[in-house]
Amino acid sequence: QRPILRLLSCPGTVAEDLRRNEQPSGSVETGFEDKIPRKRFSEMQNERREQAQRTVLIRCPEKISENKFLKYLSQHGPINNHFFYESFGLYAVVEFCRKESVGSLQNGTRTPSVAMETAIPFRSRFLSLKLKNQTSEQSCIQSSNQLPPSNRKLFELLCYAESIDDQLNTLLKEFQLTEENTKLRYLTCSLIEDIAAAYFPDCVVRPFGSSVNTFGKLGCDLDMFLDLDETRNLSTHKTSGNFLMEFQVKNVPSERIATQKILSVIGECLDHFGPGCVGVQKILNARCPLVRFSHQASGFQCDLTTNNRIALTSSELLYIYGTLDSRVRALVFGIRCWARAHSLTSSIPGAWITNFSLTMMVIFFLQRRSPPILPTLDSLKTLADAEDKCIIEGNNCTFVRDLNRIKPSGNTETLELLLKEFFEYFGNFAFNKNSINIRQGREQNKPDSSPLYIQNPFETSLNISKNVSQSQLQKFVDLAQESAWVLQQKDTDRLSVSSHQPWGLAAILLPSVPNRRSLTKKKRKRSANESIKNLLESLKSNRTANFTETNEK
Ligand code: GTP
Ligand code: MG
């Protein structure tokens, strides 16, 4: 069970949130586009990693003066920035300007003595601040929120929005990872890297997946990749003379066994010595072996893998697609939330569609627009230069890394149109014979009989949605058709109901009522007026209250 982060700051009123949305672009809270990083993925990762190495995580007493706290820590060097958050207690993330400050702070830190138990000594950057004397400090700490909005608040925001475009942008703004949450993700990886470094001093633990691919929602899991390439030192330095030096190592029969052995010891280490790492499970027989655990203090559910460089490259590709055009993220967030609201996706592995597959479907759909909103992977490959050349396990993963070399799209379609057309497109897609392929940006004959075939962009003989059953695919198609229809009624809805009633995006996030599906199938036979009347009746029947928590995972 993932610990749930508690919201400390008073939840603002909807009106306040709307005002925040209206701030001119360039101010802190607005313009999701302002927040889209334009850096190369590798640059962004390196910068964030270096920041995280200068950062400590501190469990604080409930009542603390921020000024005194900062003054106390500044003894070790200047602080670049800091923030507080609540997760079953108060925590501070403090980033020093210099890495030496962390060492200085650690040198003045002791191992606690516990009454009935024995502390295993371990010097990490996860610390605990204690008050020597119980003073009655007045706590006036502003806490950063690490949680997505409640469904109730989300519905209010969506109902007050002016247009479907506005609704999608609101959803994105409310759900996207904040700067603080991103920092906390990199810090958590960095803390895990310190632990793994006990075995592999040159290892790097890198976040991948939705934490870094621009499609992460507050509350999503933290996928980590234990990178041992430095340790393997594959790019052998040229040495002169007739000698070559090699390490003495143990050999095992396969790459998979090596991965399992490495993850097994790291899993043990996290379990026995990792401060705040709980519920460690070694899932070593999976297709991609992993160690799953909860990092209690940050509240993240973590999946640690190794030998998974292609997944990191997929994250880089999605980062590029997510950064190229501001409509991409808004649409992906909308579709991901829609799928979650209708239980098309789940945090439990099974026969359902994954968020990764849904994102591929949106990218493919945007490649199919006229003119295209996103380039195909093949065209990103033609833009690549020598530096971008990349072959992983025999798979060509070459594509342009510099965003500035990709021409922006001339397509000016609105998000509202794109959302409707997405549902129309996939509501009528010939899944029985065609596959989805973002490399070429066009449908192709399915190479096998899997109900849903989405070609893995790098391991091109694989299907990323092989797990999806026919019934789950049918559910997706039915809901897509139904949502396309609901969105077509939007204008009438907007005029007929007060702004407190779900409309547009809010209406399609509501769970289906049993009749709506048959209603969709018969829709062409019925008069438009009768259909709208039925829909309005069902929307008025207070289904907002029944809308169960659908926040991701
Ligand atoms: P969330 O649901 O928000 O966690 O999205 P995610 O993109 O992080 O998905 P997930 O945690 O399931 O997987 C992490 C990453 O692993 C993805 O972003 C992909 O890069 C990769 N991945 C996940 N599933 C597949 C798959 O079926 N095939 C391949 N090739 N890669 C996958
Ligand atoms: Mg993930």
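Since this is a predicted model, take the numbers as computed values, not measurements.

Visitor: Which parts of the structure should I look at to understand the packing of aromatic side chains?
Guide: One pair of aromatic rings is described through two measures. These are the centre distance and the angle between the planes. What the rule picks out here adds up to 22 aromatic pairs. Each ring, one from Phe364 and one from Phe429, has its centre 6.5 Å from the other, and the planes form 80 degrees; the classification is edge-to-face. Placement of Phe364 in helix 13 (residues 355-367) and of Phe429 in the loop between helix 15 (415-427) and strand 12 (434-435) is noted, with a sequence separation of 65 residues between them. By relative accessible area, Phe429 is classed as buried at 9%. Where Phe399 meets Phe458, the ring centres are 5.9 Å apart and the plane angle is 25 degrees; that geometry is what we call stacked. Of this pair, Phe399 sits in the loop between strand 11 (395-396) and helix 15 while Phe458 sits in the loop between strand 13 (444-445) and helix 16 (470-488); the two residues are 59 residues apart in sequence, bridging distant segments of the chain.

Visitor: Explain the sheet that holds strand 6 (residues 222-227) to me, please; I cannot follow it from the model alone.
Guide: One open sheet holds the 5 strands; their spatial order is 5-6-9-8-7, and the pairing between them is mixed. Either end of the sheet is taken by a strand with one partner, and the two such strands are strand 5 (204-208) and strand 7 (277-283). Mean inter-strand twist for the sheet, computed between neighbouring axes without regard to direction, equals 25 degrees. Judged from the 5 bridges that link them, strand 5 and strand 6 form a sheet pairing that is antiparallel. Opposite Val204, over in strand 6, you have Asp227 as the bridge partner. Contacts between helix 11 (residues 309-324) and the sheet are confined to strand 5 and strand 6, with strand 5 contributing the most and set at about 45 degrees to the helix.

Visitor: Which parts of the structure should I look at to understand the coordination of the magnesium ion (ligand 2)?
Guide: Note on metal geometry: ideal angles are 109.5 degrees for four donors arranged tetrahedrally and 90 or 180 degrees for six donors arranged octahedrally. The magnesium ion (ligand 2) binds to the protein through Asp221 (OD) and Asp223 (OD); the donor distances cover 2.1 Å. We classify Asp223 as buried; its relative accessible area is 13%.

Visitor: Sorry, what's going on with the sheet that holds strand 2 (residues 79-86) here?
Guide: Taking strand neighbours across the sheet as the criterion, the 4 strands line up as 2-3-1-4 in an open arrangement whose pairing is mixed. Each edge of the open sheet is held by one strand with a lone partner, namely strand 2 and strand 4 (126-128). Across this sheet, the average inter-strand angle for adjacent strands is 25 degrees, counted without regard to direction. The sheet contact formed by strand 1 (residues 55-60) and strand 3 (residues 90-96) spans 6 bridges and is antiparallel. Residue pairing across strands places Thr55 opposite Glu95, the latter belonging to strand 3. Sheet strands in contact with helix 4 (residues 66-74) are strand 1, strand 2 and strand 3, and its direction is about 135 degrees off that of strand 2.

Visitor: In this structure, what is going on with the state of the cysteines? I would like to understand it.
Guide: Simply put, disulfide is the name for a covalent bond between the sulfur atoms of two cysteines. Taken as a whole and assessed by the stated rule, the structure comprises 0 disulfides. Lacking any disulfide linkage, Cys288 is separated from the closest cysteine sulfur, that of Cys397, by 15 Å. Here Cys288 falls in the partly exposed class, since its relative accessible area comes to 24%. Free of any disulfide, Cys302 has its nearest neighbouring cysteine sulfur in Cys189, separated by 7.3 Å.

The rules behind the values
Residues numbered from 1 in each chain as written. Chains lettered and ligands numbered in written order. Predicted model: local features only at pLDDT ≥ 70, side-chain atom pairs only at ≥ 80, totals over all residues. Heavy atoms only, no water. Phe/Tyr/Trp six-rings, centres within 6.5 Å; stacked < 30°, edge-to-face > 60°. Helix = DSSP H or I, 4+ residues; strand = E, 2+ residues; numbered from the N terminus. Buried < 20%, exposed > 50% of the residue type's maximum accessible area, 1.4 Å probe, protein only. Pairing = 2+ DSSP bridges. Axes fitted to C-alpha atoms, helices over the stretch in contact; angles between N-to-C directions. Contact = heavy atoms within 4.5 Å. Donors = N, O, S within 2.8 Å, 3.2 Å for Na, K, Ca; no water. Disulfide = S-S within 2.5 Å.

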